[in-house]
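Listed here are the chains, written in short residue letters.
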Amino acid sequence: MDRREFVRRFGAMGLAGISLSAFPWLEGCTRAGKDALGKEKVRLGLVGTGSRGRYHLGNLKMVPQAEVVALCDVYRPNLDMASAIFPEARRYEDYRLLLDDSGVDAVIIAVPLHLHYRIAIDSFSAGKHVLCEKAMAYTMEECHDMYMKGRASGKVFFVGQQRLFDAKYIKVMDAVRKGEFGPVVNVRNYWFRNHDWRRTVPSPDLERHINWRLYREYSRGLMTELACHQLQNGTWAMGMLPEKVMGTGGIVYWNDGREVFDSVCAIYTFPNGVNMTFESVIANRHFGMGEQILCKDATIDLAGGRLYMENPKPRSGIRQMIGDIEKGIFSNPVFAGTSWSAESASSDPGVAVMPEKADGDGSVEMLQAFCHSAITGQQPPHVLEEAYYASLLCLLGDEAILQGRTLSIPQEFMIDYGKS
Amino acid sequence: MEFIYSDRNPSARTAFVSFDAMHTVFEMILVNVEEEKARRLACDVESLLHSLQSLLDRHAAGSAFSMINAAGEGVAVGVDDELFSILQFCEAFRRGTYGYFDISALSVYAVAPPYVLDAEARTVALSSGHVMLDAGGFGKGYALDRVKELLAAEGVSDCLLNFGDSSVSGAGRHPFGDGWQVSVKDSADMFCLRDGSLSISGCMPDGKAHIVNPASRQMVSRDYMIAVEGRSAFVCEVLSTALFAAPDEMRQALMSSFDGYGYTEIRKCYSGI
């Protein structure tokens, strides 16, 4: 693909041309998918009304097929804030009572990580469709059991990997999977913040309850809360799973009684030798968040939404002469200078992945797709498998860091990854 | 390869061709050549440049230059007539430029002559194991002369060729002018090529020095570029390379042997914005 073609394809096109067969879970996000549902709605119950849960509630206001009928939380202040968003929704403090509510078709689970498994399993038993926040569960065993029971239940099961529904990711992954940028040679992920990751605690006895991300009993820290979003990039781009992971981590700055690392670095290696890294530090935010796919012929900055050709050609000075000659103009093109070579082109500004600023990160589209699937009762192919392995990889990475060893996904947790 | 053909102006049908070659980009404009023929010529030119690259690219395993460099001191390497002729010219230019054009400038030590040619056996042998030959100072210019030759043999009278922005050649004339106008980036300098060529030498666009002074073996850094205009793109490139490397006071003497070629110092001008 030369620069013209590159710019044409990535600088002036939305999702047109993307093959939905490669992204079957998107059907619910299309106009046809929405129209097919008519006025049908899915009655939703939200378990966990913390910041993430309330974020979903805000987004659900934009999903015509969503009807939020029930809210649940053990922490009253959060439940009150959620009720302010959906005042008509029934309130519960015990999720089991919400699951007993026959007026609830589907459950969104946005509770601390260690509770995902139990609530999801109970939801399947209660015959509910489930959208569970990522990471899927606290251990690989739990993830696998959730996957098996979720599929066996015949109910729709989504995990909150919203990038799978983000238009710019979809567009890029489609092109990468078609080989338009040459083979993938490296995947880099990083997430840097400069914040203690603490929430305000009104009373000391609520410390572990509110700041659950900081304690091993409830969370696997940066690996489950941040890496999980990014580790799907390699599998998604290449359609294969890493065969091993090594890593290291520690508490390098926020030595405040927390139990999870504030600095981690993990390397995942795929069967073809390609490495995918994840690095996170929360005592320096200079580099922010980055997700980059390095191909032989292009670099994709997923977080920035830009693509850079590996050997960008300068804008030709003499190509413009075609137009000038057409108009009968004796032009004076400005292009001569010292030798242009690939090595001197690092200031290439790249091109935007999307033709116009794309708001959002796929969260609304994910809810839309979930509602579509819950109404039709059809589990979209592959989306759960992609999310399952994202969770497995972050948990495996955490294990590798804790054990100081190179680890592979245990055979007993392998599922059919599929070929989509 | 990118190929664009426009016949919107019937009096000046235009073909534009662009492709990667010799680690940079080659472009050409052909005027009033039938589309089918223009496409064929584009392929012929691409093949020609790739064959030249396989001759001159010292980085490419199996290229003639890489094999000569790898042979070591005194080992005769057989070369074809074209490369033999190129090496003859390069040695003549080295002598004619007081050594400031030297295809062995990247060698660890200065050795003169850097290689010995055997016209009978059609071989070249390096004078020292420390010598390394590099075509960076003339390759694009030589290639442009060869392309012009090919196009002329095919009856193309009006064309503009650009190789990496630093080597430009114009044959015939622009359909609405009496030559081919070319302006230099970030400067006020403009040239009009009438069956002529232009070569520009200087630091890289990012400011990095890359031309070596063969006498001192040091990179040459200047805040201006040297442009040489004349008939042959090969000679223009040889001279712009030599003039950029040579001390200011050598320039007149150096140019005195090359009739029909002139040079200009190109200084950047800023818009003041």
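So, here is what we can say about the structure in this document. Here the structure is a predicted model, which means the values were calculated and not measured.

Glancing now at the overall build of chain B. Counting its secondary structure elements, chain B contains six helices and 15 strands. Counting only residues that meet the buried cut, chain B has 45% of its 273 residues in that class.

In this section: unusual backbone geometry. Cis rather than trans, the peptide bond between Lys134(A) and Ala135(A) has omega equal to -10 degrees. Inspection of the secondary structure assignment puts Ala135(A) in the loop between strand E5 (129-132) and helix H7 (140-153). Of the consecutive residues Ala112(B) and Pro113(B), the connecting peptide bond is found in the cis state with omega at -10 degrees. Notably, His382(A) is not glycine yet its phi reads approximately 75 degrees, a positive angle. Looking at the secondary structure, you find His382(A) in the loop between helix H13 (363-376) and helix H14 (383-403). Notably, Asp186(B) is not glycine yet its phi reads approximately 55 degrees, a positive angle. Residue placement: Asp186(B) occurs in the loop between strand E9 (180-184) and strand E10 (190-193). Residue classification places Asp186(B) among the partly exposed positions, given that 16 C-beta atoms sit within 10 Å.

Take the sheet that holds strand E6 (residues 157-159) of chain A next. Residue and element names in this part refer to chain A. Taken in spatial order, the six strands make up an open sheet running E3-E2-E1-E4-E5-E6, and their pairing is parallel. Each edge of the open sheet carries a strand with a single partner, namely strand E3 (90-92) and E6. Taken over all neighbouring pairs, the strand axes of this sheet differ in orientation by 20 degrees on average, direction set aside. The pairing of strand E2 (residues 66-72) with E3 spans three bridges and is parallel. Pairing of Cys72 across the sheet is with Tyr92, part of E3.

Quick look at H13(A) now. Residue and element names in this part refer to chain A. Between its terminal C-alpha atoms H13 stretches 20 Å, which fits the 20 Å expected from 14 residues at 1.5 Å a residue. For H13, a buried count of 12 out of 14 residues is recorded, marking the element as mostly surrounded by other parts of the structure. Among the residues of H13, those classed as buried are Val364, Glu365, Met366, Leu367, Gln368, Ala369, Phe370, Cys371, His372, Ser373, Ala374 and Ile375. One or two residues past the end of H13 sits Gly377, with phi positive at roughly 75 degrees.

Right, let's talk about helix H5 (residues 233-245) of chain B for a bit. In a regular helix each residue adds 1.5 Å, so 13 residues correspond to 18 Å; H5(B) covers 18 Å between its end C-alpha atoms and thus fits that length. The element H5(B) is extensively covered by neighbouring structure, given that 13 of its 13 residues are classed as buried.

Residue and element names in this part refer to chain B. Where helix H4 (residues 139-153) contacts H5, the two axes come as close as 7 Å, and the packing angle between them is 165 degrees. Classed by the angle they form, the pair H4 and H5 counts as roughly antiparallel. In the crossing of H4 with H5, the sense of the turn from one axis to the other is right-handed. Of the residues in H5, those touching H4 at Lys140, Gly141, Tyr142, Leu144 and Asp145 are Ala233, Phe234, Cys236, Glu237 and Val238.

What follows is about the sheet that holds strand E14 (residues 334-336) of chain A. Overall, mixed pairing links the three strands, which are arranged E14(A)-E9(B)-E10(B) in an open sheet. Lying at the two open borders of the sheet, with one neighbouring strand each, are E14 of chain A together with E10 of chain B. Taken pair by pair, the neighbouring strands of this sheet meet at an average axis angle of 55 degrees, ignoring direction. Summarising the sheet, E14(A) and E9(B) pair through two bridges and their orientation is parallel. Each residue of the ladder has a partner; that of Val334(A), found in E9(B), is Ser183(B).

We now examine the interface of chain B and chain A. Chain B puts 39 residues into the contact, and the matching count from chain A is 25 residues. Listing elements by their share of the side of chain B that touches chain A, those giving two or more residues are strand E1 (2-6), strand E2 (14-21), strand E3 (24-31), strand E7 (159-163), E9 and strand E11 (196-201) of chain B. For the side of chain B that touches chain A, the class distribution of residues is 18 nonpolar, 15 polar and six charged.

With that settled, consider the pairing of strand E4 (residues 106-109) of chain A. All names here are of chain A. Going residue by residue along E4, you find Ala106 and Ile108 tucked away on one face and Val107 and Ile109 tucked away on the opposite face as well. Across four bridges, strand E1 (residues 42-47) lies against E4 in parallel orientation. Directly across from Gly45, in E4, lies its bridge partner Val107. In terms of strand pairing, E4 meets E5 through four bridges, oriented parallel. Of the residues in E5, the one forming a bridge with Ala106 is His129. After leaving E4, the chain enters helix H6 (residues 116-125) and then returns to the sheet as E5, a path that is right-handed.

Glancing now at the nonpolar core. Counting residues in hydrophobic clusters, the biggest one holds 111 residues, and the most contacted among them are Leu46(A), Val47(A) and Ile109(A). Counting residues per element, this core draws most heavily on H14(A), which supplies 13 residues. The residues that make up this core include at least three from each of domain 1 (14-163) and domain 2 (172-313 + 344-356 + 380-413) of chain A. Look past the residues within four positions of Ile109(A) in its chain and what remains in contact with it is Val47(A), Gly48(A), His116(A), Ile119(A), Ala120(A), Val130(A), Cys132(A) and Glu133(A). Grouped together as the second largest cluster of nonpolar side chains are 84 residues, Ile68(B), Tyr100(B), Leu144(B) and Cys159(B) included.

Residue and element names in this part refer to chain B. Looking at where Lys208 falls in the secondary structure, it is placed in the loop between E11 and strand E12 (212-213). Residue class for Lys208 comes out exposed when judged on the 11 C-beta atoms lying within 10 Å of it. When the C-alpha atoms of Lys208 and Met219 are compared, they prove to be 9.4 Å apart, with 11 residues separating the residues in sequence.

The rules behind the values
Residues numbered from 1 in each chain as written. Chains lettered and ligands numbered in written order. Predicted model: local features only at pLDDT ≥ 70, side-chain atom pairs only at ≥ 80, totals over all residues. Helix = DSSP H or I, 4+ residues; strand = E, 2+ residues; numbered from the N terminus. Buried ≥ 20, exposed ≤ 12 C-beta atoms within 10 Å, placed from the backbone. Pairing = 2+ DSSP bridges. Axes fitted to C-alpha atoms, helices over the stretch in contact; angles between N-to-C directions. Expected span 1.5 Å × (residues − 1). Parallel < 35°, antiparallel > 145°, perpendicular 65-115°, else oblique. Left-handed = near helix turned anticlockwise from the far one by under 90°. Contact = placed C-beta atoms within 7 Å. Nonpolar A, V, L, I, M, F, W, Y, C, P; charged D, E, K, R; others polar. Right-handed = clockwise from strand over helix to strand, strands pointing away. Core = buried A, V, L, I, M, F, W, Y, C linked by C-beta atoms within 7 Å. Domains from an automatic or database assignment.

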